[in-house]
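Geometric and topological summary
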Amino acid sequence: MSTEEKIKKELIQRFGDAYKAFGLNKLMGHIIALLLFSPNPLSLDEITKQLGRSKGPISQIVRRLRDKRLIRKAWMPENNRKDYYEIEPEVFEHAFRNNLELIKNNKRIATQLKEKIKSANKTSLETINIRMKEMELFYSLMEDHFNEFLNDWAKERAKVYK
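These notes cover the structure that comes with them. The structure presented is a predicted model; accordingly, all values stated were derived computationally and were not measured.

**Structural notes on the overall build of the chain**
- Counting its secondary structure elements, the chain contains six helices and three strands.
- By the compact-globule yardstick of 15 Å for 162 residues, the chain is too spread out, its C-alpha radius of gyration being 21 Å.
- Taken along its principal axes, the extent of the C-alpha atoms in the chain is 65 × 40 × 35 Å.
- Within the chain, the fraction of its 162 residues that count as buried is 32%.
- Counting contacts in the chain only where the partners sit at least 6 residues apart, residues at least 24 apart contribute 52% of the total.

In structure tokens:
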């Protein structure tokens, strides 16, 4: 096995493990890693072959990755009958923004439940009320930090393309 193949294999394995650790589908990580590694767009058939998986699951995951703006369709002039895919240029930022949306959703859940608890006006709900206040505060602070990071990232990324 060549050095290139060893690095590719390790990248695919590590991304699969990382995605699984985040509670996501391991195959998502494998596809992202493969497309990160590939200098050219790959067809669904090529992705399927290189990962040694069947087309159904690959196709389903590719759709999900496109919905999350982590990969995109690429135009290939030599073959207009197949769909080709490549990594989104801002893949890491999009992944980060996807996580930010989860944080915002958790904050909304806490805010909505806190309001329902407040309107119920029951002393038996005091414990959950305190926990929802804490949850709302936690995710508000996290959202602020994420937004600050995105501002910092925009400045850093601009330096790369000067």
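**With respect to the sheet that holds strand S2 (residues 71–74)**
- Taken together, three strands build an open sheet; the order of strands is S1-S3-S2 and the sheet is antiparallel. In the strand order of this sheet, the two ends are held by strand S1 (42–43) and S2, each with one partner.
- Docked against the sheet, helix H4 (residues 55–67) engages S2 and strand S3 (84–87), running at close to 105° with respect to S2.

**Some thoughts on the pairing of S3**
- Two elements, S1 and S3, share two bridges in a ladder whose sense is antiparallel. Within S3, the position partnered with Leu42 by the bridge is Tyr85.
- In terms of strand pairing, S2 meets S3 through four bridges, oriented antiparallel. In the sheet register, Arg72 faces S3, and the bridge partner there is Glu86.

**A word on H4**
- The end-to-end C-alpha distance of H4 is 18 Å, a good match for the 18 Å that 13 residues give at a rise of 1.5 Å each.
- Within H4 the residues assigned to the buried category are Ile58, Ser59, Ile61, Val62 and Leu65.
- Packing partners of the buried residues in H4 comprise helix H2 (26–37), helix H3 (44–51), S2 and S3.
- Directly beyond the C-terminal end of H4, a positive phi value near 60° is found at Arg69.

**Remarks on the packing of aromatic side chains**
- Tallied over the entire structure, the rule returns three aromatic pairs.
- Plain terms: the ring middles of Phe96 and Phe146 are 4.4 Å apart, the flat faces sit at 25° to each other, and that makes the pair stacked. Taken together, the positions of Phe96 in helix H5 (residues 91–120) and Phe146 in helix H6 (residues 126–160) put the pair 50 residues apart, joining distant regions of the chain.
- A residue is classified by how much of its surface remains accessible, and Phe146, at 17% relative accessible area, is buried.

**A look at the environment of Phe15**
- In this fold, Phe15 is placed in helix H1 (residues 3–21).
- Through-space distance from the C-alpha of Phe15 to that of Met28 is 8.4 Å; in sequence the pair is 13 residues apart.
- If near-sequence neighbours (up to four positions away) are discounted, Phe15 is found in contact with Gly29, Ile32, Ala33 and Leu36.

Rules used throughout
Residues numbered from 1 in each chain as written. Predicted model: local features only at pLDDT ≥ 70, side-chain atom pairs only at ≥ 80, totals over all residues. Heavy atoms only, no water. Helix = DSSP H or I, 4+ residues; strand = E, 2+ residues; numbered from the N terminus. Rg over C-alpha atoms; globule rule 2.2 N^0.38 Å. Buried < 20%, exposed > 50% of the residue type's maximum accessible area, 1.4 Å probe, protein only. Contact = heavy atoms within 4.5 Å. Pairing = 2+ DSSP bridges. Axes fitted to C-alpha atoms, helices over the stretch in contact; angles between N-to-C directions. Expected span 1.5 Å × (residues − 1). Phe/Tyr/Trp six-rings, centres within 6.5 Å; stacked < 30°, edge-to-face > 60°.

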